[in-house]
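This is what each chain is made of:
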Amino acid sequence: DALASALAAAGVVATIKEIAEALREAVDASIEFESAMAGVAKTTDLTDDELAEMGAQIKDLTLTIPITASEFAQIVEIAGQLGVAKNYLIDFSTVMANLGVSTNMTAEEAATMIAQFASITGMSTADYERLGSAIVALGNKFATNEKKITDMSQGIAGAATNADIAEPDILALSAAVTSLGIEAQ
C-alpha cells in the first residue's frame, strides 16, 4: 500500500496510463492502415512486393501531405477501383490527396470525378497533376469553386469531347459557366 501510494503521488501511475493509451492508439492506427492496404490489394493487381513498396511510399508521402496513411491508402483503393494503372496509382492518389486538402472537395470525390473525366476525354494519365493544378487555379481566379468546376467538367466532358474541345478548354468553360451560378445537372 505504501509503495502504491508513493507511486501514485509521484505520478507514475498516470504516466503509465498515458503510455498505455499511446501504445493502444499506435496499434489501432496500424490495424487501420493494414485494413486500408487490404482494400488496395483487393482493387489493384499489385504483387506482394509491390504492395509492400506502395505501403512504404504512402507512409513517406503522409509526412508531406497532411492526411493519414490510412486515408491515403483509401484513395489508392479508389484509384484501383477506377482502373488507374498500377504505375500511376501513387501519382494519381497524390494529386487527389492534395485536392482533398486544398479544395472544397474530398479526395474521394476528386478521385472519382477526375478519373471519370479522364476516362471520358481520353486524357493521358501523365496529365493528372496538370489537371489538378488547373482546377485549383480556376477555382482561385473565378467566382466559383473547384467542386463546381469539376462537376460541370465531368457533366459536359462527353459532349465536349465529341465536339473536339480539349480538356483545358472544358475546364475553362466550366469555370466560366459556374461563375455565373449555373450548376451541373
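Going by the structure above, here's the rest.
Nothing here was measured: the structure is a model prediction, and the numbers come from that model.

Q: Whenever I open this one, helix α3 (residues 48-61) confuses me. Can you help?
A: The α-helix winds at 3.6 residues per turn, so residues separated by three or four positions along the chain end up facing the same way. Helix length check: α3, at 14 residues, gives a terminal C-alpha distance of 20 Å against a target of 20 Å (1.5 Å per residue), a fit within 8%. Turning to α3, its buried residues are L51, M54, G55, I58 and L61. Relative to the axis of α3, the buried residues are bounded by an arc of 130° and lie together on one face. α3 presents D49, A52 and D60 as exposed residues on the side facing more than 90 degrees away from its buried surface.

Q: Before we go on, may I ask you to explain the nonpolar core in this structure?
A: Note that soluble globular proteins tend to have their nonpolar side chains buried in a common cluster. Residues I58, F72, F92 and M96 are the most contacted members of the largest nonpolar core, which totals 47 residues. Mapped onto this core, the elements with two or more residues apiece are α2 (12-43), α3, α4 (69-81), α5 (89-102), α6 (107-121), α7 (128-141), α8 (146-162) and α9 (167-179). A total of eight residues in this core trace back to one element, the largest contributor, which is α6. If sequence neighbours within four positions are ignored, I58 has contacts with F33, M37, A69, F72, A73, V76 and I90.

Q: Honestly, the pattern of salt bridges in this entry has me stumped. Any pointers?
A: Where charged atoms from two side chains of opposite charge approach closely, those side chains can pair. Taken as a whole, this structure holds seven salt bridges when the rule is applied. We note a salt bridge from R24 to E21, for which the minimum N-O separation is 3.2 Å. Note that R24 and E21 are positioned in helix α2 at a spacing of three residues, about one turn of the helix. Residue classification places R24 among the partly exposed positions, given a relative accessible area of 45%. Among the residues examined, E21 registers a relative accessible area of 35% and is labelled partly exposed. One salt bridge connects E109 with K147, and the closest N-O pair in it is separated by 3.8 Å. One end of the pair, E109, is in helix α6; the other, K147, is in helix α8, and 38 residues separate them in sequence. By relative accessible area, which is 28% here, E109 ends up partly exposed. What emerges from the salt-bridge pattern is a single network uniting E109, K147 and D151.

About the cut-offs
- Residues numbered from 1 in each chain as written.
- Predicted model: local features only at pLDDT ≥ 70, side-chain atom pairs only at ≥ 80, totals over all residues.
- Heavy atoms only, no water.
- Helix = DSSP H or I, 4+ residues; strand = E, 2+ residues; numbered from the N terminus.
- Expected span 1.5 Å × (residues − 1).
- Buried < 20%, exposed > 50% of the residue type's maximum accessible area, 1.4 Å probe, protein only.
- Arc of directions from axis to C-beta.
- Core = buried A, V, L, I, M, F, W, Y, C linked by side-chain atoms within 4.5 Å.
- Contact = heavy atoms within 4.5 Å.
- Salt bridge = Lys/Arg side-chain N within 4 Å of Asp/Glu carboxyl O.

Functional significance is not addressed by these values, which are geometric in nature.
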